[in-house]
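# Survey of secondary and tertiary structure
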Amino acid sequence: MEQADRITIPFFKVKGVLLFLFLVNNFYLNAQSRPVQALAPGVFYYFGDELQKKSANCLWVVFKDYVLAVDANYPWGAEEILREIRKTTDKPVRFVFNTHYHHDHTWGNSVFVDSGAVVVASRVTDGEMRTLGQVEWDRRSAYSGGDMGPYRREFPSLTFDRRMVFDDGTHRVELILMGPAHTAGDAVAWLPKEKILATGDLCVNGNPWGNNVADKNADYDRWLRVLDSLASWGASTVIPGHGDPGGSGILKQQRDYLADMLAQVRKGIETGKSKEDLVKEIDLSKHPVRGGNTVSNHRSIRAMYDKLKGLW
Ligand SMILES: [Zn+2]
């Protein structure tokens, strides 16, 4: 019966359907550059594509009764992430965790909230969202690269001081404050059963960023110790804030890059070099993923110089 029905559809209708499918397909192709990856039963990874202005990675965990998502991306990224979550489960997306306050990890919050989620973050991140985050929001599209007009900010309504645990016997997700490091409020999501660690921007791995060390609240020496600590947890999969997943090795690469930059900036300051001397002279090319982006390196070196000199 079905086959017979299909054969009797007039040609112009088939053409219309094909055109419709083509347009839909094209929209989604533009919208997503890499398919969602299942990391473990009920645990999924969404690649945040910087070139498509949806830069932050997302992880979600399907519990028995609800879904917890890690990082909210920009609003258009959040809309796409919610569509992708719907392909993996029909359970409600009840929580979205912000690893830190930056625009690319939090501006999609309102999209999650409108679909029924509660925003979760460390108490320190909540505070940063209301202060430094306001400075970012005042510049809106200069950061997001898209029209923020239809969207609003949403702040955490559930916060924790040091740790918050979601555990329904099937999955366990520990949200753990690690900052100050890349920001004051950095927190990670740790899945001890699957040994999956979502780091936020404590660790990035390409796409095509070097690394953003230019936060006002960054604490570089502590950040190095945090990376050492994270590397000792025995994660088998590390989901960085941006770029490709890896093993614990990407934490070490991140550490080496940051330590090298810090040592060179410190040495430059000790020997009386100017900020722009350092921008010209510091060579980070031995760090292939993070060191390759000179725009990002220069911004980071300038910020590090200012912070270490107490100018900022
Ligand atoms: Zn980020």
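Now for a look at the structure at hand.

Right, let's talk about the overall build of the protein chain for a bit. From N to C terminus, the protein chain includes 12 helices and 12 strands. The buried share of the protein chain, taken over its 312 residues, is 43%. Residue pairs in contact within the protein chain that sit at least 24 positions apart in sequence constitute 67% of those at least 6 positions apart.

Turning our attention to the pairing of strand 4 (residues 67-70). Residue alternation in strand 4 divides its side chains into two sets, V67 and A69 and L68 and V70, and both sets are buried. As defined by bridge partners, strand 3 (residues 58-62) adjoins strand 4 across four bridges and the pair is classed as antiparallel. Looking at strand 4, one finds that V61 is bridged to L68. In sequence, strand 3 turns back onto strand 4 through a hairpin of four residues. Where strand 4 meets strand 5 (residues 93-97), four bridges bridge the pair, whose relative direction is parallel. Residue L68 lies in a different strand from strand 5, and its bridge partner there is F95. Once the chain exits strand 4 it traverses helix 3 (residues 75-88) before rejoining the sheet at strand 5, and the crossover so formed is right-handed.

To continue, consider the sheet that holds strand 1 (residues 37-40). Overall, mixed pairing links the seven strands, which are arranged 1-2-3-4-5-6-7 in an open sheet. The open sheet has two edge strands, strand 1 and strand 7 (158-160), and neither has a second partner. Across this sheet, the average inter-strand angle for adjacent strands is 25°, counted without regard to direction. Bridge count between strand 6 (residues 118-122) and strand 7: three bridges; the pairing is parallel. Residue pairing in the sheet places S122 in a bridge with F160 of strand 7.

Bringing the sheet that holds strand 9 (residues 172-177) into the picture now. The mixed open sheet is built from five strands, whose spatial order is 8-9-10-11-12. Each having just a single partner strand, strand 8 (163-167) and strand 12 (237-239) make up the two edges of the open sheet. In this sheet, adjacent strand axes meet at a mean angle of 15° when their direction is disregarded. Direction of pairing for strand 10 (residues 187-191) relative to strand 11 (residues 196-198): antiparallel, over a ladder of three bridges. Note on strand 11: the bridge partner recorded for A189 is A198.

About the criteria used
- Residues numbered from 1 in each chain as written.
- Predicted model: local features only at pLDDT ≥ 70, side-chain atom pairs only at ≥ 80, totals over all residues.
- Helix = DSSP H or I, 4+ residues; strand = E, 2+ residues; numbered from the N terminus.
- Buried ≥ 20, exposed ≤ 12 C-beta atoms within 10 Å, placed from the backbone.
- Contact = placed C-beta atoms within 7 Å.
- Pairing = 2+ DSSP bridges.
- Right-handed = clockwise from strand over helix to strand, strands pointing away.
- Axes fitted to C-alpha atoms, helices over the stretch in contact; angles between N-to-C directions.

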